[in-house]
Amino acid sequence: MKYLLFLLCFALFACGDPLAWLDNCPWEKDKEFIRIVPFAKIDTIISQENFNYYSEYNEYETKYKDLGSDPLFVAVVAAGDTLNYSLEIKNQNNIFIVVDTLDTPCESDSLLSKKGFGHYKIDAERIHSCVFYIEQQCY
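Described in the following lines is the structure provided in the data block. Just so it is clear, the structure is predicted and the values come from calculations on it, not from any experiment. (Residues numbered from 1 in each chain as written. Predicted model: local features only at pLDDT ≥ 70, side-chain atom pairs only at ≥ 80, totals over all residues. Heavy atoms only, no water.)

Taken in spatial order, the six strands of this open sheet run S3-S4-S1-S7-S9-S8, and their pairing is mixed. The sheet terminates laterally at strand S3 (52–54) and strand S8 (117–123), the two strands that pair on one side only. Strand after strand, the sheet turns through a mean of 20° between neighbouring axes, direction not considered. Pairing geometry for S3 and strand S4 (residues 59–64), over three bridges, is antiparallel. Its bridge partner being in S4, Tyr-54 is matched across the sheet by Glu-59. (Pairing = 2+ DSSP bridges. Helix = DSSP H or I, 4+ residues; strand = E, 2+ residues; numbered from the N terminus. Axes fitted to C-alpha atoms, helices over the stretch in contact; angles between N-to-C directions.)

Laid out in C-alpha coordinates, this is it:
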(Lines give C-alpha, C1' and ligand atoms only; values in the text may rest on other atoms or scores of the structure.)
Protein backbone atom coordinates (compact mmCIF):
# COMPACT_ATOMS: atom_id res chain seq x y z
CA MET A 1 0.00 0.00 0.00
CA LYS A 2 2.89 2.38 0.80
CA TYR A 3 4.38 1.78 -2.62
CA LEU A 4 1.09 2.42 -4.39
CA LEU A 5 0.69 5.72 -2.54
CA PHE A 6 4.28 6.65 -3.41
CA LEU A 7 3.68 5.88 -7.10
CA LEU A 8 0.51 7.96 -7.15
CA CYS A 9 2.30 10.93 -5.55
CA PHE A 10 5.22 10.55 -7.95
CA ALA A 11 2.85 10.46 -10.94
CA LEU A 12 1.09 13.61 -9.74
CA PHE A 13 4.34 15.58 -9.56
CA ALA A 14 5.89 14.04 -12.69
CA CYS A 15 2.90 14.75 -14.92
CA GLY A 16 2.67 18.44 -14.26
CA ASP A 17 3.12 21.29 -11.89
CA PRO A 18 0.89 20.64 -8.86
CA LEU A 19 0.91 24.38 -8.09
CA ALA A 20 -0.14 25.43 -11.60
CA TRP A 21 -3.60 26.41 -10.34
CA LEU A 22 -1.92 29.26 -8.42
CA ASP A 23 -0.96 30.94 -11.69
CA ASN A 24 -3.08 32.41 -14.44
CA CYS A 25 -0.42 32.87 -17.11
CA PRO A 26 0.38 33.14 -19.96
CA TRP A 27 -3.07 33.55 -21.49
CA GLU A 28 -4.27 36.09 -18.89
CA LYS A 29 -1.21 38.32 -18.45
CA ASP A 30 -3.30 41.46 -18.03
CA LYS A 31 -5.51 40.03 -15.26
CA GLU A 32 -5.13 39.16 -11.63
CA PHE A 33 -7.23 36.51 -9.98
CA ILE A 34 -8.92 37.15 -6.67
CA ARG A 35 -9.92 33.83 -5.14
CA ILE A 36 -11.91 33.22 -1.97
CA VAL A 37 -11.29 29.77 -0.54
CA PRO A 38 -14.08 28.92 1.94
CA PHE A 39 -13.67 26.48 4.81
CA ALA A 40 -16.93 27.94 6.15
CA LYS A 41 -20.20 28.19 4.23
CA ILE A 42 -20.34 31.65 2.65
CA ASP A 43 -23.79 33.22 2.48
CA THR A 44 -22.90 36.06 0.13
CA ILE A 45 -20.04 38.17 -1.25
CA ILE A 46 -20.62 41.91 -1.65
CA SER A 47 -18.32 43.63 -4.15
CA GLN A 48 -18.37 45.74 -7.28
CA GLU A 49 -16.70 42.73 -8.95
CA ASN A 50 -18.70 39.58 -9.72
CA PHE A 51 -17.38 36.46 -7.96
CA ASN A 52 -18.18 33.14 -9.64
CA TYR A 53 -18.30 29.89 -7.67
CA TYR A 54 -16.32 26.93 -9.06
CA SER A 55 -17.43 23.73 -7.33
CA GLU A 56 -14.55 21.65 -8.71
CA TYR A 57 -12.09 23.81 -6.73
CA ASN A 58 -14.51 24.86 -3.95
CA GLU A 59 -13.63 28.52 -4.44
CA TYR A 60 -15.05 31.83 -5.57
CA GLU A 61 -13.12 33.73 -8.22
CA THR A 62 -13.06 37.01 -10.09
CA LYS A 63 -10.58 38.38 -12.61
CA TYR A 64 -9.56 41.95 -11.92
CA LYS A 65 -7.54 44.01 -14.37
CA ASP A 66 -4.83 46.07 -12.72
CA LEU A 67 -5.05 49.66 -13.85
CA GLY A 68 -3.35 51.13 -10.80
CA SER A 69 -6.78 51.79 -9.36
CA ASP A 70 -8.03 52.39 -5.85
CA PRO A 71 -8.37 49.44 -3.46
CA LEU A 72 -11.15 46.94 -4.13
CA PHE A 73 -13.66 46.63 -1.28
CA VAL A 74 -15.13 43.19 -0.64
CA ALA A 75 -17.40 41.95 2.15
CA VAL A 76 -17.90 38.25 2.90
CA VAL A 77 -20.92 37.21 4.95
CA ALA A 78 -20.71 33.79 6.64
CA ALA A 79 -21.91 32.18 9.88
CA GLY A 80 -23.83 35.33 10.80
CA ASP A 81 -20.67 37.47 10.66
CA THR A 82 -19.18 39.81 8.08
CA LEU A 83 -15.53 40.19 7.09
CA ASN A 84 -14.62 43.42 5.28
CA TYR A 85 -11.59 43.65 3.01
CA SER A 86 -9.83 46.54 1.33
CA LEU A 87 -7.70 44.74 -1.26
CA GLU A 88 -4.69 46.47 -2.76
CA ILE A 89 -4.42 45.40 -6.38
CA LYS A 90 -0.74 44.78 -7.07
CA ASN A 91 0.69 44.36 -10.56
CA GLN A 92 0.84 40.72 -11.65
CA ASN A 93 -0.11 39.27 -8.27
CA ASN A 94 -3.04 37.04 -7.42
CA ILE A 95 -4.96 37.46 -4.18
CA PHE A 96 -6.18 34.48 -2.16
CA ILE A 97 -8.59 34.93 0.73
CA VAL A 98 -9.10 32.01 3.11
CA VAL A 99 -12.30 32.09 5.17
CA ASP A 100 -12.57 29.65 8.07
CA THR A 101 -14.53 29.10 11.27
CA LEU A 102 -11.32 27.93 12.93
CA ASP A 103 -8.84 30.45 14.27
CA THR A 104 -6.01 29.16 12.06
CA PRO A 105 -6.59 30.28 8.44
CA CYS A 106 -2.94 31.37 8.04
CA GLU A 107 -1.25 28.06 8.81
CA SER A 108 2.49 28.41 8.35
CA ASP A 109 2.89 25.05 6.61
CA SER A 110 0.21 25.65 3.96
CA LEU A 111 1.01 26.12 0.26
CA LEU A 112 -0.31 29.67 0.39
CA SER A 113 1.91 30.58 3.34
CA LYS A 114 4.96 29.15 1.62
CA LYS A 115 4.33 30.81 -1.77
CA GLY A 116 2.62 33.99 -0.58
CA PHE A 117 3.88 37.31 0.71
CA GLY A 118 2.44 40.25 2.61
CA HIS A 119 -0.39 38.19 4.03
CA TYR A 120 -2.52 39.46 6.86
CA LYS A 121 -5.26 38.09 9.10
CA ILE A 122 -8.64 39.58 9.94
CA ASP A 123 -11.11 38.25 12.50
CA ALA A 124 -14.79 38.49 13.26
CA GLU A 125 -16.56 36.83 16.17
CA ARG A 126 -17.34 33.52 14.43
CA ILE A 127 -15.21 33.56 11.27
CA HIS A 128 -11.56 34.25 10.60
CA SER A 129 -9.68 35.03 7.45
CA CYS A 130 -6.26 35.45 5.94
CA VAL A 131 -5.32 37.32 2.76
CA PHE A 132 -2.35 36.14 0.70
CA TYR A 133 -0.68 37.79 -2.28
CA ILE A 134 0.86 35.29 -4.73
CA GLU A 135 3.26 36.42 -7.43
CA GLN A 136 2.38 35.12 -10.88
CA GLN A 137 4.84 32.75 -12.47
CA CYS A 138 4.70 33.72 -16.16
CA TYR A 139 7.21 32.09 -18.48
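Membership of the largest hydrophobic core comes to 24 residues, with the highest contact counts inside it found for Ile-34, Ile-36, Tyr-85, Leu-87 and Ile-97. Of all the secondary structure elements, the ones that give two or more residues to this core are strand S1 (32–38), strand S2 (42–47), S4, strand S5 (72–78), strand S6 (81–87), strand S7 (93–100) and strand S9 (128–135). When residues of this core are assigned to their parent elements, the largest contribution, four residues, is made by S5. What Ile-34 contacts, discounting residues up to four positions off in sequence, is Phe-51, Tyr-60, Glu-61, Thr-62, Tyr-64, Leu-72, Leu-87, Ile-89, Ile-95 and Ile-97. Judged by nonpolar contacts, the second largest core, of seven residues, contains Phe-96, Val-98, Cys-130 and Phe-132. (Core = buried A, V, L, I, M, F, W, Y, C linked by side-chain atoms within 4.5 Å. Buried < 20%, exposed > 50% of the residue type's maximum accessible area, 1.4 Å probe, protein only. Contact = heavy atoms within 4.5 Å.)

Within S1, seven of the seven residues are buried, which leaves it mostly tucked inside the rest of the structure. Neither face of S1 is exposed, since Glu-32, Ile-34, Ile-36 and Pro-38 on one face and Phe-33, Arg-35 and Val-37 on the opposite face are all buried. Of the pairings in the sheet, the one linking S1 to S4 comprises five bridges and is antiparallel in character. Residue pairing across strands places Phe-33 opposite Lys-63, the latter belonging to S4.

Another aspect to go through is the packing of aromatic side chains. A complete count under the given rule lists one aromatic pair for this structure. Look at Tyr-53 and Tyr-60: their rings are 4.8 Å apart centre to centre, the planes differ by 50°, and that puts the pair in the tilted class. Overall, Tyr-53 belongs to the partly exposed group, its relative accessible area being 41%. Directly above the ring of Phe-33 sits Arg-35, whose terminal nitrogen or CZ lies 4.3 Å from the centroid. (Phe/Tyr/Trp six-rings, centres within 6.5 Å; stacked < 30°, edge-to-face > 60°. Lys NZ or Arg CZ within 6 Å of the ring centre and 35° of its normal.)

The next subject is the sheet that holds S2. Ordered by their spatial adjacency, three strands build an open sheet running S2-S5-S6, and the pairing between neighbours is antiparallel. Looking at which strands have only one partner, the edges of the open sheet turn out to be S2 and S6. Neighbouring strand axes in the sheet, compared pairwise and without regard to direction, differ in orientation by 15° on average. Pairing between S2 and S5: five bridges, direction antiparallel. Bridge pairing in S5 places Ser-47 opposite Val-74.

Distances and angles like these do not, on their own, reveal function.
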